[in-house]
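Structure at a glance
Single-letter residue listing:
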Amino acid sequence: GGKKDVTELPRTCLCPGCKGTGSKNAKKNECSDCGGKGMKLIRRMLGPGMVQQMQVPCDKCEGQGNVIKEKDKCKECNGQKCKEVERTLKVKITRGMKDGTQIPFEGEGDHTPDIDIPGAVVVVLQQEPHKKFQREGDDLIMNQTITLQEALMGCAFELVHLDGRKLYVRSPKDKVIVPDMKLVLKGEGMPSEHDDKRGDLIVTFSLEFPRTLDDEQCEMLKKCLPSGIKQDKDHPAGEEPEECFMDDYTTETWKQMAKIGEDEEEDEEEEGGTQTARCATQ
């Protein structure tokens, strides 16, 4: 829906007491050595008939172009010509603005004697992360974890939207949901910055499978689901496949298997080394 925010920022501006001159009488006291330019032209003899000409900062005014006596310095800025003040910027954030949007405030930049026209202050919007939604353009992305029963028979869940509305979301009828499937709620995304349209809310599903099943549950599933066990029973005698069972894979299991393999290789090398030594002594 947008909002208005207020931010406080420091700003360097011309001293209002001396109007940026540094003098209490608000007059420019030009340096007599450089004529108020802050730079002097010097010539240096490099050799017979060779002269180098160059500009250097005036040492009397230290490149400032004017010299202010201590008694004539502005009391408000102590002769610095500028002051730092706090300024308030009212930032208007309109609905649909995206992360990284730049909002310029013309003429609100620093103003010093060597700057004729102050520049702009640019406020850059940074979008805070949300625990439920991610934004992609005008679309919103969210993840929803459901059970295997909900995946097969349909699911429904309550959702609190960004604007506080409560939605009761249902999956399509007769739709089996598979892992990483995406379903969409049309028009429930972010509002567009330039018109009245809205993006979509895209829901990505994750499935939570049961860890174990008892015999009764297995029998019930066999009646309503096709069997996943495939075995060719027409093997010639003596060529039947060897039955084996898989275990849970973990990092520790892999390390143990690797260690067993290394130990077996070391045993084989030791046996081979002993036989070689015996052959050599015969």
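In case you missed it, the structure is sitting above this.
Residues numbered from 1 in each chain as written. Predicted model: local features only at pLDDT ≥ 70, side-chain atom pairs only at ≥ 80, totals over all residues. Heavy atoms only, no water.

Details of the overall build of the protein chain
Secondary structure assignment for the protein chain yields three helices and twelve strands. Across the 282 residues of the protein chain, 24% fall into the buried class. If you take every contact in the protein chain between residues at least 6 apart in sequence, the share linking residues at least 24 apart comes to 57%. When the accessible surface of the protein chain is totalled, it reaches about 22400 Å², and 50% of it is carbon and sulfur. (Helix = DSSP H or I, 4+ residues; strand = E, 2+ residues; numbered from the N terminus. Buried < 20%, exposed > 50% of the residue type's maximum accessible area, 1.4 Å probe, protein only. Contact = heavy atoms within 4.5 Å. Areas by Shrake-Rupley, 256 points an atom, 1.4 Å probe, with all protein chains shown as cover.)

Notes on the layout of surface pockets
One number sums up the size of the largest pocket: a volume of about 980 Å³. Lining the largest pocket are 30 residues, and of these M97, Q127, R135, L162 and M190 lie nearest its centre. It is strand β1 (residues 3–14) that provides the largest number of residues to the lining of the largest pocket, a total of three residues. The class makeup of the residues in the lining of the largest pocket is eleven nonpolar, ten polar and nine charged. Space inside the second largest pocket adds up to approximately 380 Å³. Residue classes in the lining of the second largest pocket are distributed as three nonpolar, eight polar and six charged. (1 Å grid on protein atoms, 1.4 Å probe; cavity = no way out; pocket = protein on both sides within 12 Å on 5 of 7 lines; lining within 4 Å. Points joined across faces, edges and corners; volume = space filled by probe spheres on them. Nonpolar A, V, L, I, M, F, W, Y, C, P; charged D, E, K, R; others polar.)

Things to note about the sheet that holds strand β7 (residues 134–136)
The four strands are arranged β7-β8-β12-β11 in an open sheet whose pairing can be described as mixed. Looking at strand neighbours, the two that pair on one side only are β7 and β11 (182–185), the edges of this open sheet. Pairwise comparison of adjacent strand axes, ignoring direction, gives a mean angle of 35 degrees for this sheet. Sheet analysis places β7 next to strand β8 (residues 139–147), joined by three bridges and oriented antiparallel. Within the sheet, the bridge partner assigned to R135 lies in β8 and is L140. (Pairing = 2+ DSSP bridges. Axes fitted to C-alpha atoms, helices over the stretch in contact; angles between N-to-C directions.)

Some thoughts on the pattern of salt bridges
Summed over all chains, the structure comprises ten salt bridges. Among the salt bridges present, the one from K83 reaches E76, with a minimum N-O distance of 3.3 Å. Look at K83 and you get partly exposed, because its relative accessible area is 28%. Two residues, K186 and D200, come together in a salt bridge whose shortest N-O distance is 3.6 Å. Pair noted here: K186 is in the loop between β11 and β12 (201–208) and D200 is in the loop between β11 and β12, with a separation of 14 residues, a long-range link. By relative accessible area, D200 is classed as buried at 18%. Residues joined in a network through salt bridges with shared partners are K98, R135 and D138. (Salt bridge = Lys/Arg side-chain N within 4 Å of Asp/Glu carboxyl O.)

Structural notes on the environment of A151
Relative to the helices and strands, A151 resides in helix α1 (residues 148–153). Linking A151 and I177, residues 26 residues apart in sequence, is a C-alpha distance of 4.7 Å.

Some thoughts on the side chain of H161
Mapped onto the elements of the fold, H161 is located in the loop between β9 (156–160) and β10 (166–170). Since its relative accessible area comes to 5%, H161 is described here as buried. At a separation of 2.7 Å, a polar atom in the side chain of H161 contacts the main-chain carbonyl oxygen of E188. With residues near it in sequence (within four places) discarded, H161 still touches F133, L140, L167 and E188. (Polar contact = N/O pair within 3.5 Å; in protein donor to acceptor, adjacent residues only side chain to side chain.)

Comments concerning the pairing of β8
The loop that links β7 with its antiparallel partner β8 comprises two residues; one of these, G137, has a positive phi angle of about 65 degrees. In this structure, β8 lies alongside β12, joined through eight bridges in parallel fashion. Along β12, the bridge assignment pairs Q144 with F205.

A look at the state of the cysteines
Going through the model one piece at a time under the given rule, you end up with zero disulfides. Counting only cysteine sulfurs, C77 is the nearest neighbor of C74, a cysteine outside any disulfide, at a range of 3.8 Å. (Disulfide = S-S within 2.5 Å.)

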